[in-house]
Each structure stands twice: as structure tokens, then as C-alpha cells.
Amino acid sequence: MSAVLPHVRFFMGKGGVGKSTLSALTALYHADRGHTVLLASFDPAHNLGDIFQQKLGERPVPIVERLSAVEVDPEKWSREYLQEAERQFRAAYAYLTTFSLEQHFKVIHHAPGVEAYALMRAFDDLYRKSNVDFLLLDMPPTALSLSFLALPRLSLLWLEQLHALRTEIQQKQKMISRLRLGRREMERDRVMENINRQTERWRERDAVFSNNAQTRYLLIENPEALSALENGRIESRLKELGFSGIDRVVNKTGNGKSGFPLVAGLYGINKMRAYIDRHKSVFDALIR
Amino acid sequence: MSLFAGIKKFFKGLDQQHRHKAIEDLEWEMHELQHIFGLLTLGYMVGLPSAPLPVAWELLPDMPREFAIMLARLDTAQNPLSEQFSRLDVS
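Conventions and cut-offs
- Residues numbered from 1 in each chain as written.
- Chains lettered and ligands numbered in written order.
- Predicted model: local features only at pLDDT ≥ 70, side-chain atom pairs only at ≥ 80, totals over all residues.
- Pairing = 2+ DSSP bridges.
- Helix = DSSP H or I, 4+ residues; strand = E, 2+ residues; numbered from the N terminus.
- Buried ≥ 20, exposed ≤ 12 C-beta atoms within 10 Å, placed from the backbone.
- Core = buried A, V, L, I, M, F, W, Y, C linked by C-beta atoms within 7 Å.
- Contact = placed C-beta atoms within 7 Å.

Observations regarding the sheet that holds strand 1 (residues 7-12) of chain A
All names here are of chain A. The eight strands lie next to each other as 3-4-2-5-1-6-7-8, forming an open sheet whose pairing is mixed. At either end of the open sheet lies a strand with only one pairing partner, and these are strand 3 (61-64) and strand 8 (260-261). Pairing analysis gives five bridges linking strand 1 to strand 5 (residues 134-138), with the strands arranged parallel. By the bridge assignment for strand 5, F11 is matched with D138.

Following this line, the structure appears as C-alpha cells:
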């Protein structure tokens, strides 16, 4: 585990509202003010590389001093996760030779939840190992982003129920053991240990997502109805999940209105720095 | 055998019979709970709503017993009443 756990910023919103551009500008703003920053794109349609005019990949690439960027490949994380799961399954159930595992895993690859969990593993990796002050995430389309963010709460809900059921099973086992042998000691319950282990890990993730001093959700929208409506739905869902650090940010405003004015062709470090300087007060208000 | 020893043996046999029956019932209940546990974690394989895939997948290597119960249940799934009747000694 790294010595410093980063502040996390999720950039969310409807496609095309300017999530990538604003996340890149915010990353540069922090780096220029002395913070170490890792900007990660979770969107399968990456364009951070275009904005910074640099080729990015799975490993962090230095952009300027204190700022690195990475384009996460969700497909690669899904593949690795399924390969690991298949290996574990084969080791535990080697005797099930008739069970058509290949077919099963082909189906699982497209099962709901796999893509969101693949992103969770990528997030864990960046969060634990990046050792930066700020971890900024340019998020994928809304449906996948919300599945990803809901995963800790949903998993904890299920684990709680499974824990209760397992406790009941253990009580029955104890009674049987007492009746049969007159003794109370129980053999080790690996399933319960597994449930407890998973609960602890999902609680840690949930704590990161719901700590509004550490984690904030920046919902980007444009001054038009559709992106605002979508952000309204995102905001409601985030509140349902118990997350409170939510800021709605208007991008591509007309001149003189609050928010970030539209600038055509905003890419490359020099242009980005000039933009930040011109709109310093808006960034100062946004960044906390 | 003295009368006292005979009575003692009778009650011991009665006790064993009741213990045996109680264990049998408890084992059946525990089996059913394990079956429910299996369904809640492996139900996605047969199209039932179940725990999120990552949770279920991580549990899987530690639950061969539930997995075996699920597979064994396939044999009796078509005729659950006969299983109940045989457990209750109804012929």
C-alpha cells in the first residue's frame, strides 16, 4: 500500500459535455499548484491522448512535472479477471470434467457486472499504487459509471444476507455436532472466512466512495436540457448510494455566464494553461 | 439382565432413536439452507437473480459442498414431493 492515499475526483456526465477536457484542465491546474496528480481515463473511447497531444497507454505517462496520465483498457482488466477466476475454478473443481467450462466462461464474459468489476480492479490498482495527491478519473458512459459506483453497496448488501444465512447454517451444524458427538467445537468454515474477507474489502471501497472529504463527484453538463436531465438522474442515484460530495459544473457556457466558456480547439499544454489562467476564478471555486 | 438394566437399556435405545431422528431432521434443514445459499450464489448459472458476479465468483472455490448439493439436487428437482415423503417415512 502506498504511503499516501489520494483524493479522488470522478468526472461524470452525458457523452460530449466535455468530461475529458475538464478533467485534463483540472489535472493540470492541480499539478501547476504543486500537487502530484494521476489522470486516468476509464472511458473506452479515450481522448486524453488527443487533448495532451501524447500517446497514452496502460502505464502512466508523464505529461508535465507532477502530472501523469493513463488510459485504462477495461477489456484487458475483464480478460485478466476472467482468466484468474477460471484458474481458481479449475483448481477447486478439477473433478468436474463434464462441466463445459469454456462455454460457461464465454457467457460469463458478457454477464452483467463483469465490466464494472474490471474497472473496480483497475481503480484499486491506481488508488493503492499511484502514490499521488490527486487521482482524477474521466468516467465512461453513465450506465457503466453508475454500475461501477453502486458495486460496493450492492455487494455489501448481498454479503450481509449471505453472512446471516451462513450463521444459521453454522448454528445447525453446531447442534448436529452436539447431538451426535456431545461436543461443540466447529470445523473451520472457509465460506464464512471468505464472506468476512470480501466484506472488509468492499467496506474499504465504500468508505473511499462515500467520504466527501476525500472523494468528489463532478457532474459536467452543458447549458441545455438533456445533459442537465441526465446529471439530475446521476445526482439522485449518487445520493441514494449515500455519496454526498457532488458538484454540478456547467461547461461550454456563453460568455459572461457562470461556468466554463466553450473554447474551440482546446488541446496542448500551452493552450490549456492559458485557458486556466483566463478562468482562474472558476477553477478556484470548483477545486476543493 | 436385571429389570433395572433392562429399563435402562430401553430408555437408552429410545434416547438414541430420538437423537437419530433429531439429527436427521436438522441435517435435512441444514442441507436445505445450504441449498438456498448455493442458489443465492450460483443462481446466475440458471438465470436466477443472485449475488453480484464478483462476490459469487470469489466464494466459489470455497464452497464445493454447496456446489455438490446443487448438482445432486438436479436429480431430485423434478420430484420434490417424493423426497419429502421419503424423509417423513410416508410410503
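Focus on the pairing of strand 4 (residues 67-71) of chain A
Residues and elements named next belong to chain A. In terms of burial, strand 4 is largely enclosed, as five of its five residues are buried. With burial as the criterion, each face of strand 4 is covered, one bearing L67, A69 and E71 and the other bearing S68 and V70. By the bridge criterion, five bridges tie strand 2 (residues 37-41) to strand 4 in an arrangement that is parallel. Within the sheet, the bridge partner assigned to A40 lies in strand 4 and is V70. Once strand 3 ends, the chain turns through two residues before running back antiparallel as strand 4, passing R66 with a positive phi of about 75°.

Details of the nonpolar core
Residue and element names in this part refer to chain A. With 76 residues, the main nonpolar core has F11, A24, V37, L39, A40, L119 and L135 as its most contacted residues. Residue contributions to this core peak at 10 residues, all from helix 5 (residues 114-129). Excluding its chain neighbours within four sequence positions, the residues that come into contact with V37 are A27, H30, A31, R66, L67, V132, D133, F134 and L136.

Distances and angles like these do not, on their own, reveal function.
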